[in-house]
Amino acid sequence: MRIIFMGTPEFAVPCLKRLVEDGHELAAVFTQPDKPKGRRLVLTPPPVKRAALEAGLRVEQPVTLRDGTASAIFEELRPELAVVVAYGKLLPPELLDLPKHGCINLHASLLPKYRGAAPIQWAILNGERESGVSTMRMDAGLDTGDILLQDKIEIPEDMTAAQLHDQLSLLGARTLQRTLDFLQNGALKPVRQDDAMASCAPMLSRAHSPLDWNRPARELYNQVRGLQPWPCATAVWNGKTLRVRAAQFAARDTRLSPGEFIVEGDRLFVCCGDGNLLELLEVQQEGKKAMDTSSFLRGIK
């Protein structure tokens, strides 16, 4: 099948590679423009661009999809289908109907739950016990199109958002493959989403990072897991920001106030609002590398 692929981050790379391996004709790969990264602001291509160039594919990086440039490329290449995976831009209505079979999106949640930019992180933040991926036929809304296929996985209690990201990325490639097989065989049966069951997964920022010790320990544990690897949960230690990179829930009935801490040997616990504890396992002080808590405790008074 002649396909235009649209994606940007590492999450989308397995899907692109699967399309190539399955023998589809990739007419072009759309991805977001290169961005400056690091302290030296080195202009860096997105992961999908690197993967596309390695495969010898044509790459397009329009700054906007609304000035007619993207439409002209679609009309030039005449794709049968557009596949969109974490592209990072909403497709304007004029693009949706240009391919013969429309546009199919892979989304990292069990729609209609967690529509939006950060479904993986919010599933962990909210303590979900399962997640998955959905393919859908795109419409003008944000993740509102008819569902084509879904696949589920369980979320272990200690899984981080980074780990769930990697698993859903691989699962998504398999689900996309099945979706295209069904499409070519005429076996797809789109199902309308129930908007009453919908929830949002808005973009994350550093405003989500601070740990509020008045909240229950389990919620704070989910916050630490859900904000890995970015923006990372944070606490304040001696007036400075301390990134909490790993932690674990510790059920214990204490009489301490929220935010008070206990040191037991080389272990550090903080009391939370429900009386239970959050054990800090890996932390990072401002301007320093991440370290396990025992090393952190040895370096402070």
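Below is a summary of the structure that appears in this document.

What counts, and where the lines are drawn
- Residues numbered from 1 in each chain as written.
- Predicted model: local features only at pLDDT ≥ 70, side-chain atom pairs only at ≥ 80, totals over all residues.
- Heavy atoms only, no water.
- Helix = DSSP H or I, 4+ residues; strand = E, 2+ residues; numbered from the N terminus.
- Buried < 20%, exposed > 50% of the residue type's maximum accessible area, 1.4 Å probe, protein only.
- Areas by Shrake-Rupley, 256 points an atom, 1.4 Å probe, with all protein chains shown as cover.
- Lys, Arg positive; Asp, Glu negative; His and termini not counted.
- Charge placed at Lys NZ, Arg CZ, Asp CG, Glu CD.
- Phe/Tyr/Trp six-rings, centres within 6.5 Å; stacked < 30°, edge-to-face > 60°.
- Axes fitted to C-alpha atoms, helices over the stretch in contact; angles between N-to-C directions.
- Parallel < 35°, antiparallel > 145°, perpendicular 65-115°, else oblique.
- Left-handed = near helix turned anticlockwise from the far one by under 90°.
- Contact = heavy atoms within 4.5 Å.
- Salt bridge = Lys/Arg side-chain N within 4 Å of Asp/Glu carboxyl O.
- Arc of directions from axis to C-beta.
- Pairing = 2+ DSSP bridges.

Moving on to the overall build of the protein. When helices and strands are tallied, the protein shows eight helices and 15 strands. Each principal axis of the C-alpha atoms in the protein carries an extent, and together these give about 65 × 45 × 30 Å. For the protein, with 301 residues in total, the buried portion stands at 48%. Total accessible area on the protein stands at roughly 15300 Å², and carbon and sulfur atoms take up 50% of it. Separation between the mean location of the 37 positive side-chain charges and that of the 37 negative ones in the protein comes to 5 Å.

Let us look at the packing of aromatic side chains. Following the criterion strictly, the structure yields three aromatic pairs and no others. Centre to centre, the rings of Trp237 and Phe261 are 5.2 Å apart; their planes meet at 45 degrees, and the pair counts as tilted. Of this pair, Trp237 sits in strand E10 (residues 233-237) while Phe261 sits in strand E12 (residues 261-264), and the two are 24 residues apart along the sequence. Overall, the relative accessible area of 47% leaves Phe261 in the partly exposed class. When the ring of Trp237 is compared with that of Phe296, the centres are 5.3 Å apart and the planes differ by 70 degrees; the resulting orientation is edge-to-face. One end of the pair, Trp237, is in strand E10; the other, Phe296, is in helix H8 (residues 293-298), with 59 residues separating them in the sequence.

Contact geometry for helix H1 (residues 13-21) and helix H6 (residues 161-184): axes closest at 8 Å, N-to-C directions at 40 degrees. When the axes of H1 and H6 are compared, the pair comes out oblique. Note that H1 runs across H6; the crossing there is right-handed. Contact residues: Pro14, Cys15, Arg18 and Leu19 in H1; Ser169, Leu170, Gly172, Ala173, Arg174, Leu176, Gln177 and Leu180 in H6.

Looking now at the environment of Val283. Position of Val283 relative to the elements: it lies in strand E14 (residues 277-285). For Val283, a relative accessible area of 0% corresponds to the buried category. Considering only alpha carbons, one finds Val283 and Lys49, 234 residues apart in sequence, at a separation of 33 Å. Setting aside residues up to four positions removed in sequence, Val283 forms contacts with Leu242, Arg243, Arg245, Lys289, Ala290, Met291 and Phe296.

Under the counting rule described, the total for this entry stands at 13 salt bridges. A salt bridge links Arg58 to Glu76; the shortest N-O distance between them is 3.2 Å. Separated by 18 residues along the polypeptide, Arg58 in the loop between helix H2 (47-54) and strand E5 (59-60) and Glu76 in helix H3 (residues 69-77) bring together distant segments of the chain. Residue classification places Arg58 among the partly exposed positions, given a relative accessible area of 33%. Across the pair Glu219 and Arg215 runs a salt bridge whose closest N-O atoms are separated by 3.2 Å. Residues joined in a network through salt bridges with shared partners are Arg58, Glu60 and Glu76.

Once that is clear, we can look at H1. Those residues of H1 that fall on the buried side of the exposure criterion are Val13, Cys15, Leu16 and Leu19. Buried residues of H1 fall within an arc of 165 degrees about the axis and therefore sit on the same side. The inward-facing, buried residues of H1 abut strand E1 (2-7), strand E2 (25-30), H2, strand E6 (81-85), strand E7 (103-107) and H6. Two residues or fewer after H1 comes Gly23, characterised by a positive phi angle close to 85 degrees.

Attention shifts here to the pairing of E6. The buried fraction of E6 amounts to five of the five residues, a majority that puts the element mostly inside the structure. Here E6 shows two buried faces, one formed by Leu81, Val83 and Val85 and the other by Ala82 and Val84. In the sheet, E1 pairs with E6 via five bridges, with the strands oriented parallel. The residue of E6 that forms the bridge with Ile3 is Leu81. Two elements, E6 and E7, share four bridges in a ladder whose sense is parallel.

In this section: the sheet that holds E2. One open sheet holds the seven strands; their spatial order is E5-E2-E1-E6-E7-E8-E9, and the pairing between them is mixed. Two strands lie at the open edges of the sheet, namely E5 and strand E9 (147-154), each paired on one side alone. Relative to E5, E2 runs parallel, the two sharing two bridges. Counterpart to Val29 in the pairing with E5 is Val59. The strands touched by H6 within the sheet are E1, E6, E7, strand E8 (130-137) and E9, with E9 carrying the most contacts at an inclination of about 150 degrees.

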